[in-house]
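For reference, the chains in residue letters:
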Amino acid sequence: MQRGLLSDYFEGVAVKRLSAVEADPRRSHQHEFQGGHLRKLLGDDDRLKIPARFIWLSDEQEAISEDSVVSWYDSRRKQANRSAEYRLYYYANGVTALMGEGDTFFVAMRPGGTALIIVTPKDSTIQSQLIYLFGLEQQPDFTFKVKEIPEDQSSRLDFAARYILDELGIDAEEPEADKLDSILEPFGINFPATADFSKLARDSLTHVSASDNADAVLMAWIEREELLFRRLERLVVADRLRAGFLTDKVPDVDGFIEFSLSVQNRRKSRAGKSLEHHVAALFSARKLKFERGVETELRNKPDFLFPGKAAYQDLGFKAEKLTMLGSKSTCKDRWRQVLSEAERIPHKHLLTLEPGISENQTDEMRAKKLQLVLPASLHATYREAQRSWLMNVEDFVKLVRTRQAAAD
């Protein structure tokens, strides 16, 4: 299937790290940036009002957004004898109130002349993800760096890019998504159970074998299910919107809110479950011995325990032949939950699909003896210093097989 382009959503981006004065305009009584470097992005119109959505994104809390306007103007337009001095002015809002010195400030121009302005904490995971999304080669400094988004194959959206767009509240629909309708036809306008949906995704990829490279197989299954889910979701939502939200000709506000929340909650709950289903199918096809969600200590239930509960509880079974794998489609701060899930296993593993986790987080994982496992295609979203430590799925499968062979 043809995939969408980043240029469908953005024309260009500028990024900088905030200075103390920029982060706290009370110091200078101004809400603006020197904008010389932004002319490549915003042009030479000296009185431009740009509708903008401000978003605060961090690793620890939900996103905060607010619609506003930014002004692009030449502060010397009335001084004919002086060269132009462009500035970008913003109005104080709930997002700018959270800005701090060292935070990263993105100005991303969208088709149609609107802007998305994103503020992230310094060296956070979401900052790393946005650097990857926009193809920026260097970490931000205190001067705006500008990049245009090319309309060619170099901006083709991969899994990581679509993941990050979703964090920004942008639903990236594939241009040929309607080709999936024949696969979804047996379900009509209804969502099947998650396990059934995951199996449908796997079965629809007849050219993919579980005996192929584990990283490629897992990503193929996951991406197919994501595309199928998003397509079915659109069909379900469109059908509900056609029915309308009126009760006796009175707008059913509560019904609309309830439906909207159900759509969001289904997305969140599905992702983690579908990852577990695909991982289990891969391990079963590779004939690994494991159990899912069995209890260890203090009612903890690791996602995957190798070879299983009986071996774990057998104190005569050597701990170095046991393996535990947590499975989380997104980590955030929840990765620490894995640390207490199997006390007999000091070195634990965690499989995730989250791109570009910050160095601070991966350094802490390493210090806590938690090994991060990611499909190989996502390793490129991490910094060079992190990549040698990351484990891919194929190597994890080989590790478990080696341990189990030694135990037999």
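The protein goes by Type II restriction endonuclease in an unreviewed UniProt entry, where it is assigned to Bradyrhizobium quebecense.

Participant: Run through the nonpolar core, naming residues and quoting values.
Facilitator: Counting 78 residues, the largest nonpolar core has Phe10, Phe134, Leu165, Leu168, Phe283 and Leu372 as the members making the most contacts within it. Counting residues in each nonpolar core, the second largest holds 25 residues, with Leu42, Phe105, Val107 and Val119 among its members.

Participant: Any chance you could break down the UniProt feature "domain: Restriction endonuclease type II EcoRII C-terminal" (unreviewed entry) in the protein for me, citing the residues and the numbers?
Facilitator: This chain's UniProt record puts "domain: Restriction endonuclease type II EcoRII C-terminal" (unreviewed entry) on residues 229-397. Strand forms 14% of residues 229-397 and helix 42%; the C-alpha atoms that close the span are 28 Å apart.

Participant: So, the sheet that holds strand 11 (residues 291-292): which residues are in play, and what are the values?
Facilitator: Paired through backbone hydrogen bonds, the strands of a sheet run either parallel or antiparallel to each other. The 5 strands are arranged 11-12-13-14-15 in an open sheet whose pairing can be described as mixed. Lying at the two open borders of the sheet, with one neighbouring strand each, are strand 11 and strand 15 (370-373). Across 4 bridges, strand 13 (residues 323-328) lies against strand 14 (residues 348-352) in parallel orientation. In the strand pairing of strand 14, Leu325 is matched with His349.

Participant: Before we move on, can you summarise the packing of helix 6 (residues 194-204) against helix 8 (residues 253-285) with the specific residues and values?
Facilitator: Taken N-terminus to C-terminus, the directions of helix 6 and helix 8 make an angle of 55 degrees; their axes are 9 Å apart at the nearest point. Taken together, the axes of helix 6 and helix 8 lie oblique to each other. Once helix 6 is placed against helix 8, the crossing between them reads as right-handed. Taken together, the residues of helix 8 that come into contact with helix 6 (itself represented by Thr194, Ala195, Ser198, Ala201 and Arg202) are Arg270, Lys273, Ser274, His277, His278 and Ala281. Its residues placed into classes, the contact of helix 6 with helix 8 shows 3 nonpolar, 5 polar and 3 charged.

Participant: How would you explain unusual backbone geometry if you had to name every residue and give the values?
Facilitator: Going from Phe306 to Pro307, the amide bond is cis rather than trans, its omega being -5 degrees. By the secondary structure assignment, Pro307 is in the loop between strand 12 (304-306) and helix 9 (309-313). Backbone geometry at Asp248 places phi at a positive 55 degrees, although glycine is not the residue there. Mapped onto the elements, Asp248 comes out in the loop between strand 9 (246-247) and strand 10 (250-251).

Analysis parameters
Residues numbered from 1 in each chain as written. Predicted model: local features only at pLDDT ≥ 70, side-chain atom pairs only at ≥ 80, totals over all residues. Heavy atoms only, no water. Core = buried A, V, L, I, M, F, W, Y, C linked by side-chain atoms within 4.5 Å. Buried < 20%, exposed > 50% of the residue type's maximum accessible area, 1.4 Å probe, protein only. UniProt positions renumbered as here; feature names shortened; annotations may be inferred. Helix = DSSP H or I, 4+ residues; strand = E, 2+ residues; numbered from the N terminus. Pairing = 2+ DSSP bridges. Axes fitted to C-alpha atoms, helices over the stretch in contact; angles between N-to-C directions. Parallel < 35°, antiparallel > 145°, perpendicular 65-115°, else oblique. Left-handed = near helix turned anticlockwise from the far one by under 90°. Contact = heavy atoms within 4.5 Å. Nonpolar A, V, L, I, M, F, W, Y, C, P; charged D, E, K, R; others polar.

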